[in-house]
Amino acid sequence: MSAQSHPTLCQVVNEVVETTSVFDIHTHLFDPAFGSLVSWGIDDLLTYHYLIAEAFRCSTEPAEVFWSLDKSQQADWIWQHLFLERSPISEACRGVLTTLRLLGIDARKRDLPTLRKHFAKWTPESYTDHILQIANVRKVCMTNLPFDDQERPYWEKGFTRHPSFVAALRLDPLLLEWEKTAGQLHGWGYDVRADLSGQTLGEVRRFLGDWALKMDSQYCMVSLPPEWRFPENTVTNRLLQEAILPFGRDHGQAFAMMIGVRRGVNPELRMAGDSLAPADVPSVEALCAAYPKNKFICTMLARENQHALCVAARKFRNLHIFGCWWFLNNPSLIEEITRMRIELLGLGVTPQHSDCRVMDQLAYKWSHSRPILAKVLSEKYSDLSDTGWHVTRAEIERDVHQLLGGGFEAFIKH
Ligand code: FIX
Ligand code: ZN
């Protein structure tokens, strides 16, 4: 008889990574109180912009034909092209099938009308809780835009907040379309001018303070094009230096930058038409050096930037890097980037966020990322073992909690 076998290091790491609840630090999900803004269910899953881009490649029909369809017809069209006429082998297609599997829905008959019936019994509230539990996600950070006419009324009216949803104040229109946004701010009673003169910068700070309070935002954030440079005398940088960063220091709000997106490269794809290019890591380093009292959070979209960004984070303790964003959220790239980050930064990084737009996606995005994190960590703990340093289960739990959002919470803490 063999002695009772102990779990291997690899089994313990897998189990801990599977069972540690995540703080998902960047998503486009909404608290269920946002009603019709909440996306969920099979039609929203199929019309995710990642899948729209893939389905367009399979058809020669004019784009307007697709855009003239209603949501369920668009879902039918995508299902036909990506799931019926060819095998759904891409990461985004696989994600739909993983989600259905985790929901206990059998998709093998490939019958979309039957799949739809499984979602009919849920309300956004009950569905949200169900998904959070399946995905083992404890907290979700939204992306909140005071400039959005559909979203703003919910904040202005007020609502009872779901305990798992926290806010992040998104500032793209303020930093990237100042002239238009100045008009909006003016209309809301802030004494701002398009040329930034007079009280403008103080008033922008007042606006930020009002909205950070209203949303109880965890941090402020922007997505920036690859051309963004610092220092450089631009309206974006003046707003950053004279409004956002002083506000951040006064209110303990970190500033997140998601850099490298080229919006609308193919306009006929609408929101599926964005692309990327390498961005400038020295600009991030210059910002961190110039503002040591501000906290910065950063992710970059181009694979080419990932190594230099890790090195930047080694140099500046006020910089926390995160996530395998968008076109990087694919297993081969997640593995490469996660391994490199852990080698260069140890546990001082948040390896992944989901960027979910549809509630159900929490299930697949985390289910696809967790085994990769476990694989990389097992390898690293095993290398440690070879030195004679054996980690305990409690130490592994501590480390994984840190990687899955705990370290980020500590970083942004006021
Ligand atoms: O700017 C962002 O936050 C991006 O993540 C989105 O704009 C993008 O559409 C997306 O969903 C990527 O995953
Ligand atoms: Zn995003």
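Whatever comes next refers back to the structure up there.
Residues numbered from 1 in each chain as written. Chains lettered and ligands numbered in written order. Predicted model: local features only at pLDDT ≥ 70, side-chain atom pairs only at ≥ 80, totals over all residues. Heavy atoms only, no water.

Please provide a residue-by-residue account of the site of ligand 1, values included.
Taken together, His26, His28, His49, Tyr50, Arg170, Ser223, Arg263, Trp325, Trp326, Asp355 and Arg357 form the complete shell of residues around ligand 1. In this structure, an oxygen atom belonging to ligand 1 sits 3.2 Å away from a side-chain N or O atom of His26. Calculation on ligand 1 without its partners gives an accessible area of 330 Å², and the protein chains cover 97% of this total. In a pocket analysis with a 2 Å cut-off to the grid points, ligand 1 is assigned to the largest pocket. In the shell around ligand 1, the residues fall into 3 nonpolar, 4 polar and 4 charged. (Near = heavy atom within 4 Å. Polar contact = N/O pair within 3.5 Å; in protein donor to acceptor, adjacent residues only side chain to side chain. Areas by Shrake-Rupley, 256 points an atom, 1.4 Å probe, with all protein chains shown as cover. 1 Å grid on protein atoms, 1.4 Å probe; cavity = no way out; pocket = protein on both sides within 12 Å on 5 of 7 lines; lining within 4 Å. Sits in = over half its atoms within 2 Å of the grid points. Nonpolar A, V, L, I, M, F, W, Y, C, P; charged D, E, K, R; others polar.)

Let's hear about the packing of aromatic side chains: which residues, and what values?
Scanning the entire structure with this criterion turns up 24 aromatic pairs. Residues Trp40 and Tyr127 carry aromatic rings whose centres are separated by 4.8 Å and whose planes lie at 35° to one another, so their mutual orientation is tilted. Here Trp40 is found in the loop between strand 1 (22-24) and helix 2 (42-46), whereas its partner Tyr127 is found in helix 8 (residues 124-135), with 87 residues between them in sequence. The residues Trp40 and Tyr127 share a single accessibility class, namely buried. Taken together, a centroid distance of 5.7 Å and an interplanar angle of 80° make the contact between Tyr219 and Phe408 edge-to-face. Pair noted here: Tyr219 is in strand 4 (residues 217-224) and Phe408 is in helix 18 (residues 393-412), with a separation of 189 residues, a long-range link. Here Tyr219 matches Phe408 in class, with each residue buried. Following the ring pairs from residue to residue traces out a cluster consisting of Phe30, Phe34, Tyr154, Trp155 and Phe159. A cation over a ring is seen here: Lys214 above Trp211, with NZ or CZ 5.2 Å from the ring centre. Looking at Lys295, its charged tip hangs above the ring of Phe411, at a distance of 5.9 Å from the centre. (Phe/Tyr/Trp six-rings, centres within 6.5 Å; stacked < 30°, edge-to-face > 60°. Helix = DSSP H or I, 4+ residues; strand = E, 2+ residues; numbered from the N terminus. Buried < 20%, exposed > 50% of the residue type's maximum accessible area, 1.4 Å probe, protein only. Lys NZ or Arg CZ within 6 Å of the ring centre and 35° of its normal.)

Any chance you could break down the coordination of the zinc ion (ligand 2) for me, citing the residues and the numbers?
Ideal donor angles around a metal are set by the shape: a four-donor tetrahedron calls for 109.5 degrees, a six-donor octahedron for 90 or 180 degrees. Looking at the zinc ion (ligand 2), one finds its protein donor set to be His26 (NE2), His28 (NE2) and Asp355 (OD), positioned 2.0 to 2.2 Å from the metal centre. One chain supplies every donor for the zinc ion (ligand 2), spaced along it as H-x1-H-x326-D. Judged by relative accessible area, His26 falls into the buried class, the value being 1%. Among the residues examined, His28 registers a relative accessible area of 17% and is labelled buried. (Donors = N, O, S within 2.8 Å, 3.2 Å for Na, K, Ca; no water.)

Explain the layout of surface pockets residue by residue, including any values.
Rolled over the atoms, a probe with the dimensions of a water molecule shows which regions are left empty. Its volume calculated, the largest pocket comes out at about 1300 Å³. Along the wall of the largest pocket there are 40 residues; nearest its centre are His28, His49, Leu145, Met271 and Arg357. Of all elements in the fold, only helix 3 (49-56), helix 5 (71-84), helix 10 (172-176) and helix 11 (178-187) reach the threshold of two or more residues within the lining of the largest pocket. Partitioned by chemical class, the residues of the lining of the largest pocket number 16 nonpolar, 11 polar and 13 charged. Both domains that meet at the lining of the largest pocket, namely domain 1 (9-39 + 136-413) and domain 2 (41-121), each give it at least three residues. Its boundaries defined by the atoms lining it, the second largest pocket holds a volume of some 310 Å³. Secondary-structure elements contributing two or more residues to the lining of the second largest pocket are helix 3, helix 6 (91-102) and helix 17 (361-386). (Points joined across faces, edges and corners; volume = space filled by probe spheres on them. Domains from an automatic or database assignment.)

Any details on the sheet that holds strand 1? Residues and values, ideally.
Note on sheets: strands pair through backbone hydrogen bonds, and any given pair is parallel or antiparallel. Read from one edge of the open sheet, 7 strands run 1-2-3-4-5-8-9, paired in parallel fashion. With one partner strand each, in any of the chains shown, strand 1 and strand 9 (319-321) form the two edges of the open sheet. Neighbour to neighbour, the strand axes of the sheet diverge by 25° on average, direction disregarded. Judged from the 3 bridges that link them, strand 3 (residues 165-170) and strand 4 form a sheet pairing that is parallel. Among the inter-strand pairings, Arg170 is bridged to a residue of strand 4, identified as Met221. Contacts from helix 14 (residues 281-290) reach strand 5 (254-259), strand 8 (296-300) and strand 9, with the element oriented near 175° to strand 8. Against the sheet, helix 17 makes contact with strand 1 and strand 2 (137-141), and its axis sits at roughly 120° relative to strand 1, the strand it touches most. (Pairing = 2+ DSSP bridges. Axes fitted to C-alpha atoms, helices over the stretch in contact; angles between N-to-C directions. Contact = heavy atoms within 4.5 Å.)

Kindly report on the environment of Ser382, identifying the contributing residues and their values.
Its place among the elements puts Ser382 in helix 17. Residue Ser382 is classed as partly exposed on the basis of its relative accessible area, which comes to 30%. Counting along the chain gives 272 residues from Ser382 to Arg110, while the straight-line C-alpha distance between them is 42 Å.

Honestly, that's just the spatial picture; any functional story needs more than this.
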